[in-house]
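# Architecture and fold: a report
This is what each chain is made of:
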Amino acid sequence: MSTVVGFGERLAAAVAAHGPLCAGIDPHPPLLAEWGLTDDADGLARFADACVEAFAGHVAVVKPQSAFFERHGWRGVQVLEGLLAAFTGTGTLTLLDVKRGDIGSTMDGYADAYLAVGAPLGADAVTLSPYLGFDSLAPALDAADDAGRGVFVLARTSNPEGADVQLATFGGRSVAQAMVDGAAARNATVPGGVGVVVGATIDHGLDLTALDGPVLAPGLGAQGAGPADVAARFAGVRGTVLPAASRSVLTAGPAPAAVRAAAQGLRDELAVARA
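The protein chain carries the name Orotidine 5'-phosphate decarboxylase in an unreviewed UniProt entry, which gives Pseudonocardia abyssalis as its organism. Regarding the protein chain, the relevant UniProt record gives this comment under Pathway (unreviewed entry): "Pyrimidine metabolism; UMP biosynthesis via de novo pathway; UMP from orotate: step 2/2." Annotation of the protein chain in UniProt includes, under Catalytic activity (unreviewed entry), the sentence "orotidine 5'-phosphate + H(+) = UMP + CO2".

As structure tokens, this is what we get:
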């Protein structure tokens, strides 16, 4: 019998301890400048260290955006690898925002990089794009199950361009709903391992009642959604909802204590709105 603790169980424990806020770690050039840091691997490393100090053991989930590390080449990826490792054992889970999606051996490669046991860029969970077909994600889903990791599948994103694809209908349901239903079917065998990404800035129109998994809800704060919006738009969800905020938290820096206070203040606002 496997002794691997599933992602759903670990996420529930983290949220019970720290609340549901997912704090984004997005070191884009203007933010590095605002923090007085250089836009290079050295500045990136200092930024990463401050985020670990601010968030580790204080929020449930952090969400590094891989692109802002990759833009610095191998040195940036090295910083990302160290950042992910630094959160291990702190009680704060890592959700790496990579939005990978492909077929066959290429999907196998992504699974090895991010989700397999011993993955060099292993996070507690990653974001995946299912728009080559939900079943194309099978190698990643299998690797995540084996390692006790999770995935969040893009369903209804808040960018206007997404509607052209996600709201198209096929077989009497929207493409976005089909992705939610695919996640629900997977969770019927491995509960809580597959979440979906649904933007908090829009009325999504999805039926999430059968998901039996978490919902990542980006858009809290600077992107326009408030705690009351999150509470209203996801009121019927039985699983964990992770409202995600980045700029509204990180602009409190560069002092780690100030960043932590901003995150905890937003967490408390979410609790009031839910109540």
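### Details of the nonpolar core
In terms of nonpolar packing, the biggest core is built from 70 residues, with Phe55 and Phe234 touching the most fellow members. Among the elements that line this core, the one with the most residues is helix α3 (residues 41–55), at eight residues. Ignoring sequence-local partners within four residues, the contact set of phenylalanine 55 consists of Ala23, Ile25, Val62, Phe87, Thr92, Val249, Leu250, Val259 and Ala263. Within the second largest apolar cluster, 16 residues are counted, among which are Val15, Cys22, Val61 and Leu216.

### A short note on the packing of α3 against helix α12 (residues 256–274)
Interhelical geometry of α3 versus α12 gives an angle of 50° and a closest axis separation of 8 Å. On the basis of their axis angle, the class for α3 and α12 is oblique. Both α3 and α12 take part in a crossing whose hand is right-handed. Along its contact with α3, which presents Ala50, Glu53, Ala54 and Phe55, the element α12 presents Pro256, Val259, Arg260 and Ala263. Considered class by class, the residues forming the contact of α3 with α12 number six nonpolar, no polar and two charged.

### Here we look at the packing of aromatic side chains
Taken as a whole and assessed by the stated rule, the structure comprises two aromatic pairs. Judged by centre distance (6.0 Å) and plane angle (90°), the rings of phenylalanine 7 and phenylalanine 152 are edge-to-face. Here the residue phenylalanine 7 occupies a position in helix α1 (residues 7–18), and phenylalanine 152 occupies one in strand β5 (residues 150–156), the gap between them amounting to 145 residues. Judged by centre distance (4.5 Å) and plane angle (40°), the ring pair of tryptophan 35 and phenylalanine 47 falls under tilted. Of the two residues, tryptophan 35 is situated in the loop between α2 (29–34) and α3 and phenylalanine 47 in helix α3; the sequence distance between them amounts to 12 residues. By relative accessible area, which is 0% here, phenylalanine 47 ends up buried.

### Here we look at unusual backbone geometry
Proline 254 follows glycine 253 through a cis peptide bond whose omega is 20°. By the element assignment, proline 254 lies in the loop between α11 (247–250) and α12. We note that lysine 99 has phi near 50°; this positive angle belongs to a residue other than glycine. Mapped onto the elements, lysine 99 comes out in strand β3 (residues 93–100). Of note in this structure, aspartate 212 is not a glycine but carries a positive phi near 55°.

### Here we look at the pairing of strand β9 (residues 215–218)
Bridge analysis of strand β8 (residues 194–198) against β9 gives two bridges, and the strand direction is parallel. Bridge assignment links valine 197 to a residue of β9, and that residue is leucine 216. Pairing analysis gives four bridges linking β9 to strand β10 (residues 241–245), with the strands arranged parallel. Bridge assignment links valine 215 to a residue of β10, and that residue is valine 241. Tracing the backbone out of β9, into helix α10 (residues 227–233) and back to the parallel element β10 gives a crossover that is right-handed.

### Some thoughts on the UniProt feature "domain: Orotidine 5'-phosphate decarboxylase" (unreviewed entry) in the protein chain
Following the UniProt record, the feature "domain: Orotidine 5'-phosphate decarboxylase" (unreviewed entry) maps to residues 20–262 here. Taken end to end, residues 20–262 has its terminal C-alpha atoms 14 Å apart, with 40% of it in helix and 19% in strand.

### Observations concerning the pattern of salt bridges
As enumerated under the stated definition, the model contains 10 salt bridges in all. Taking the shortest distance from any N to any O, the salt bridge between aspartate 39 and arginine 71 comes out at 2.7 Å. Here aspartate 39, found in the loop between α2 and α3, pairs with arginine 71, found in the loop between α4 (66–70) and α5 (73–86); they are 32 residues apart in sequence, far enough to count as distant. By relative accessible area, which is 41% here, arginine 71 ends up partly exposed. A network of salt bridges, in which partner residues are shared, links Lys63, Asp97 and Lys99.

What counts as what
- Residues numbered from 1 in each chain as written.
- Predicted model: local features only at pLDDT ≥ 70, side-chain atom pairs only at ≥ 80, totals over all residues.
- Heavy atoms only, no water.
- UniProt positions renumbered as here; feature names shortened; annotations may be inferred.
- Core = buried A, V, L, I, M, F, W, Y, C linked by side-chain atoms within 4.5 Å.
- Buried < 20%, exposed > 50% of the residue type's maximum accessible area, 1.4 Å probe, protein only.
- Helix = DSSP H or I, 4+ residues; strand = E, 2+ residues; numbered from the N terminus.
- Contact = heavy atoms within 4.5 Å.
- Axes fitted to C-alpha atoms, helices over the stretch in contact; angles between N-to-C directions.
- Parallel < 35°, antiparallel > 145°, perpendicular 65-115°, else oblique.
- Left-handed = near helix turned anticlockwise from the far one by under 90°.
- Nonpolar A, V, L, I, M, F, W, Y, C, P; charged D, E, K, R; others polar.
- Phe/Tyr/Trp six-rings, centres within 6.5 Å; stacked < 30°, edge-to-face > 60°.
- Pairing = 2+ DSSP bridges.
- Right-handed = clockwise from strand over helix to strand, strands pointing away.
- Salt bridge = Lys/Arg side-chain N within 4 Å of Asp/Glu carboxyl O.

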